[in-house]
Amino acid sequence: RERERERQRRGETMFAAAKKGAPSAPNPSHLLPSEVMDKCIGSKLWVILRNERELVGTLKGFDLYVNMVLEDVTEYEFTPEGCNTTTLDTILLNGNNVAMLVPGGKPE
């Protein structure tokens, strides 16, 4: 009982005390989505929207609503006639339109 109190005083859990000395690595399953997005700032991001459009650009910033500022953007619009491509300098994307985000940009 006294050992348990001592571990609590040091801020250790029962499991941490049992593994004392073992290097602890962060568990990627404990990352929040905003932490993953934060790591993507300055990198290419492939954004798949809820309509028939996709965007690839450099993520400059975002907020908790997943509104994003993207630079050097290529927009892909898929129609029955084919794919229309548009290039844009800087955009502010409303997060309500986002279906999925893929770090690293669109595969070639």
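Scroll up to find the structure.
Residues numbered from 1 in each chain as written. Predicted model: local features only at pLDDT ≥ 70, side-chain atom pairs only at ≥ 80, totals over all residues. Heavy atoms only, no water.

Engineer: Quick rundown of the pairing of strand S3 (residues 68-79)? Include the residues and the values.
Structural biologist: On any regular strand, side chains alternate: one points to one face of the sheet, the next to the other face. Relative to S3, strand S2 (residues 53-62) is paired through 8 bridges, and the arrangement is antiparallel. The residue bridging Leu 55 from the neighbouring strand is Glu 75, located in S3. Alignment of S3 against strand S4 (residues 82-93), held across 11 bridges, turns out to be antiparallel. Paired with Glu 75 across the two strands is Thr 86, which belongs to S4. Between the antiparallel neighbours S3 and S4 lie 2 residues. (Pairing = 2+ DSSP bridges. Helix = DSSP H or I, 4+ residues; strand = E, 2+ residues; numbered from the N terminus.)

Engineer: Got a sec to walk through the pairing of strand S1 (residues 44-49)? Specific residues and values, please.
Structural biologist: S1 sits mainly inside the fold: 5 of its 6 residues count as buried. The sheet contact formed by S1 and S2 spans 5 bridges and is antiparallel. In the strand pairing of S2, Val 47 is matched with Leu 55. Between S1 and S2, which pair antiparallel and follow one another directly, the connecting turn spans 3 residues. Bridging between S1 and strand S5 (residues 98-103) involves 5 bridges; their strand directions are antiparallel. Across the sheet, residue Ile 48 finds its bridge partner in S5, namely Met 100. (Buried < 20%, exposed > 50% of the residue type's maximum accessible area, 1.4 Å probe, protein only.)

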